Amino acid sequence: QVQLVESGGGLVQAGGSLRLSCAASGRTFSSLAMGWFRQAPGKEREFVAGISGTGGSTLYTNSVKGRFTISRDNAKNTVYLQMNSLKPEDTAVYYCAGGVQMHVYVYWGQGTQVTVSS
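This structure is a prediction, so every number in the text was calculated from the model and none was measured.

Colleague: Quick question: what am I supposed to make of the sheet that holds strand β1 (residues 3-7) here?
Modeller: Either a parallel or an antiparallel arrangement is found when strands of a sheet pair, and the pairing is made through backbone hydrogen bonds. With antiparallel pairing, 4 strands are arranged side by side in an open sheet as β1-β3-β8-β7. In this open sheet, the two strands that pair with only one neighbour each are β1 and β7 (68-73). Across the sheet, the mean angle from the axis of one strand to that of its neighbour is 15°, orientation sign disregarded.

Quick look at the structure:
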């Protein structure tokens, strides 16, 4: 079993930045692909970014390319999502996820709210 705890959400003005963190425990972190998803009110949860266990491969949804960066520190069992040039449409609950493959996530955090004001 893997436990994931997100932090770093909050309220920010459009154009601002936030960095989300997700601390993992319970399994060898470097064996897990990690990802970030988000869910806005009234919408389905969507994939935002993913990173392989070694950090050598990353994947982003088109709407965040060039603005968001996913990274990980395997020594700290933590994955990050650096979000720059935030837009009101980025407002959502952001979830950290882990899995054995970048497209198969089975472990989920509780979510952290990100609100971008215009």
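Let's pick the thread back up.
Colleague: Just checking my understanding: could you explain the nonpolar core for this structure?
Modeller: If you look at soluble globular proteins, the nonpolar side chains tend to sit buried side by side. Grouped together as the largest cluster of nonpolar side chains are 29 residues, with contacts concentrated most on M34, W36, V79, L81, M83 and Y94. Breaking this core down by element, the ones donating at least two residues are β3 (18-25), β4 (33-39), β5 (46-51), β7, β8 (78-83), β9 (92-99) and β11 (112-117). Ranked by residue count, the leading element in this core is β3, at 4 residues. With 5 residues, the next largest nonpolar core counts A33, F37, M102 and Y105 among its residues.

Colleague: Help me understand the state of the cysteines, please; the structure alone is not making it clear to me.
Modeller: Covalent bonding between the sulfur atoms of two cysteines is what defines a disulfide. Taken as a whole, this structure holds 1 disulfide when the rule is applied. In this model C22 forms its disulfide with C96; the gap between the sulfur atoms is 2.0 Å. Judged by the sign of its S-S torsion, about -80°, the bond between C22 and C96 is left-handed. Of the two residues, C22 sits in strand β3 while C96 sits in strand β9, which places them 74 residues apart along the sequence. The two residues C22 and C96 agree in class, both being buried.

About the thresholds
- Residues numbered from 1 in each chain as written.
- Predicted model: local features only at pLDDT ≥ 70, side-chain atom pairs only at ≥ 80, totals over all residues.
- Heavy atoms only, no water.
- Pairing = 2+ DSSP bridges.
- Helix = DSSP H or I, 4+ residues; strand = E, 2+ residues; numbered from the N terminus.
- Axes fitted to C-alpha atoms, helices over the stretch in contact; angles between N-to-C directions.
- Core = buried A, V, L, I, M, F, W, Y, C linked by side-chain atoms within 4.5 Å.
- Buried < 20%, exposed > 50% of the residue type's maximum accessible area, 1.4 Å probe, protein only.
- Disulfide = S-S within 2.5 Å.

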